[in-house]
Amino acid sequence: MIMRPQWYCDAMPLTLGGDTGISGPMLRSRMLGLLHGVFAKRPGTFAVAFPGREQLPTLPLPLTGTLRVFASSREDLEGLAKNVISQPWFRDYARLSYPQAVPDDFCGDWVRFVRYRVPSLASDRHEGEEHGLLRKRRMETARKAQMTYFILRSARTGQRFSLVVNREQGEPQSGECTPNGYGFCVTSSPFSLPELPWA
């Protein structure tokens, strides 16, 4: 399926720290993992955005862990809500905001959220001193660029892994989008999302 970012809602943690003992980034990772389960049933339907580092200091705490979900229609987002509120963790720790339409006359910034691949040690074909060097270089690049990462668990293997995402300035999106299973774009198929206010 191919989508256009015409509607959106926010997935927000109910609390950060406090009684949960869970940090904002961990709550955000858990939310993305649960959303991915729904996204996988409807590939290419949903795209995901999150605030930039420069925006975080001005946001109220719950919004710093927010994920914004875009879809082509209000019905798509209402279907998403029905799926996630049936999950006990999401009911206890997060909520989805009411779907809103992206204004037809939107003229603000557009942003890309691009998956940045960091190879695992197991996938490295090099041996000896070369083993792990590509992973190390790519991790260092991600660190210097202050890319956002999510700690997720594979439903297939049960293994934990990091999903690294680079937030880049984009161009106004005129065509259709093809998000991956986590709602981000890949370098071979980039697309941009409108940077709507987070407050």
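Relevant structure appears above.
My aim in this report is to walk through the structure given alongside it, one point at a time. (Residues numbered from 1 in each chain as written. Predicted model: local features only at pLDDT ≥ 70, side-chain atom pairs only at ≥ 80, totals over all residues. Heavy atoms only, no water.)

This part is about the nonpolar core. Ranked by size, the top nonpolar core spans 42 residues in total, and within it Leu32, Leu67, Phe70, Leu80, Phe90, Phe150 and Phe184 carry the most contacts. Ignoring sequence-local partners within four residues, the contact set of Leu67 consists of Cys9, Asp10, Ala11, Arg28, Met31, Leu32, Leu35, Val48, Ala49, Phe50 and Phe150. (Core = buried A, V, L, I, M, F, W, Y, C linked by side-chain atoms within 4.5 Å. Buried < 20%, exposed > 50% of the residue type's maximum accessible area, 1.4 Å probe, protein only. Contact = heavy atoms within 4.5 Å.)

With antiparallel pairing, four strands are arranged side by side in an open sheet as 7-8-6-9. Looking at strand neighbours, the two that pair on one side only are strand 7 (148-153) and strand 9 (193-194), the edges of this open sheet. Pairing of strand 6 (residues 110-116) with strand 8 (residues 160-170) involves seven bridges; the strand directions are antiparallel. The residue of strand 8 that forms the bridge with Val114 is Asn166. (Pairing = 2+ DSSP bridges. Helix = DSSP H or I, 4+ residues; strand = E, 2+ residues; numbered from the N terminus.)

A few words now on helix 3 (residues 74-84). Within helix 3, the full set of buried residues consists of Asp76, Leu77, Leu80 and Val84. The arc that holds every buried residue of helix 3, seen down its axis, measures 95°, which confines them to one face. Across from the buried face of helix 3, at angles greater than 90 degrees, the exposed residues are Glu75 and Lys82. (Arc of directions from axis to C-beta.)

Purely geometric stuff here, so don't read any function into it on its own.
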